[in-house]
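Coordinate inspection notes
Below, each chain spelled out in residue letters.
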Amino acid sequence: MATDSIPFASDAETPLPAESLEVLRKQYMREGEYATIQTKFNYAWGLIKCKRTIDIEKGVRLLTEIYQQAPERRRECLFYLALGHYKMSNYIEAKKFNQQLLVHEPKNSQAIELNKLIDEKVSREGVIGLAIVGSIAAVGAMVVASLVRKSSK
């Protein structure tokens, strides 16, 4: 499935311009420990859109704080928490948050598409993982067979 056919995927994979992220960061820093939930959410959203894992991790941390502190914002947080974990290849966590959202909004098209992407990644990486393990096992078997042949001579 091409990610450009999924409405949210292209948006999520396109980082904010550095200047825009800096505006969000400065607003968050200016408000400091008294940052509003909206300011924190905006900055977290910008960080989730980043390509660097360290930025995405920070966005996930901020969203987790919002999720815990502001029950009225949980629905919004669920999607971006799922997306952040997906982008960091934490598929189990991504699936968990996305499933929570789908329980409340079973027809949410973004969550449905994200669910498909997560499943595809898990399936693809699982197949790759099995191929790697199979290759290692085959090489190991050849080495053992070679050693057995040498020791029997």
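Quantities reported herein were computed from a predicted structural model and do not represent experimental measurements.

**A word on the overall build of the chain**
Of regular secondary structure, the chain possesses seven helices and zero strands. Starting at the N terminus and walking to the C terminus, you meet the elements of the chain as α-α-α-α-α-α-α. Within the chain, the fraction of its 153 residues that count as buried is 35%. Excluding contacts between residues fewer than 6 apart, the proportion of contacts in the chain whose partners are at least 24 apart in sequence is 52%. Of the roughly 9400 Å² of accessible surface on the chain, a fraction of 60% belongs to carbon and sulfur atoms.

**Observations concerning the environment of Lys58**
For Lys58, the position within the fold is in helix 4 (residues 53-69). Exposure remark for Lys58: the relative accessible area of 29% places this residue in the partly exposed category. Between the alpha carbons of Lys58 and Tyr43 there is a distance of 9.6 Å; along the sequence they are 15 residues apart. Not counting residues up to four positions away in its chain, the partners in contact with Lys58 are Tyr43 and Leu47.

**Things to note about the side chain of Glu31**
Among the secondary structure elements, Glu31 is positioned in helix 2 (residues 18-31). A distance of 2.7 Å separates a polar side-chain atom of Glu31 from the backbone nitrogen of Thr36. Leaving out residues up to four positions away in the same chain, Glu31 has contacts with Thr36 and Thr39.

**Things to note about unusual backbone geometry**
In this structure, Ser89 takes a positive phi of about 65 degrees despite not being glycine. Along the polypeptide, Ser89 turns up in the loop between helix 5 (74-87) and helix 6 (91-104).

**Digging into the confidence of the model for the chain**
In this model, the chain carries an average pLDDT of 83, and 74% of its residues clear a pLDDT of 70 or more. Confidence drops under a pLDDT of 50 for residues 1-7, and excluding neighbours within four residues, the segment shows nine contacts in the predicted structure.

**Things to note about the nonpolar core**
Ranked by internal contacts, the top residues of the largest apolar core, which has 34 residues, are Tyr43, Leu63, Tyr86 and Leu114. Within the residue set of this core, elements represented by two or more residues are helix 2, helix 3 (37-48), helix 4, helix 5, helix 6 and helix 7 (109-152). Ranked by residue count, the leading element in this core is helix 5, at seven residues.

The rules behind each value
All chains use their own residue numbering, which begins from 1 and follows the written sequence. Residues qualify for local features only when their pLDDT is at least 70, as the model is predicted, and side-chain atom pairs are given and counted only at 80 or more; totals for whole chains, interfaces and linings, by contrast, use all residues. In computing side-chain values, all of the structure's heavy atoms are included and hydrogens and water are not. Secondary structure is summarised from DSSP: a helix means a run of H or I of at least four residues, a strand means a run of E of at least two, and numbering begins at the N terminus for each. Each residue is assigned to one of three classes by its accessible area relative to the maximum for its type, calculated with a 1.4 Å probe on protein chains only: buried under 20%, partly exposed between the two thresholds, exposed over 50%. We call two residues in contact when some of their heavy atoms are within 4.5 Å. Working definition of accessibility: Shrake-Rupley area with a 1.4 Å probe, residue cover restricted to the visible protein chains. Pairing of N or O atoms within 3.5 Å defines a polar contact, subject to two protein rules: one partner must be a possible hydrogen donor and the other a possible acceptor, and residues neighboring in sequence count only if both atoms are side-chain atoms. Summary of the metric used: pLDDT quantifies the predictor's per-residue confidence within the range 0 to 100. For this analysis, a nonpolar core means a set of buried residues of the types Ala, Val, Leu, Ile, Met, Phe, Trp, Tyr and Cys, connected via side-chain atoms within 4.5 Å.

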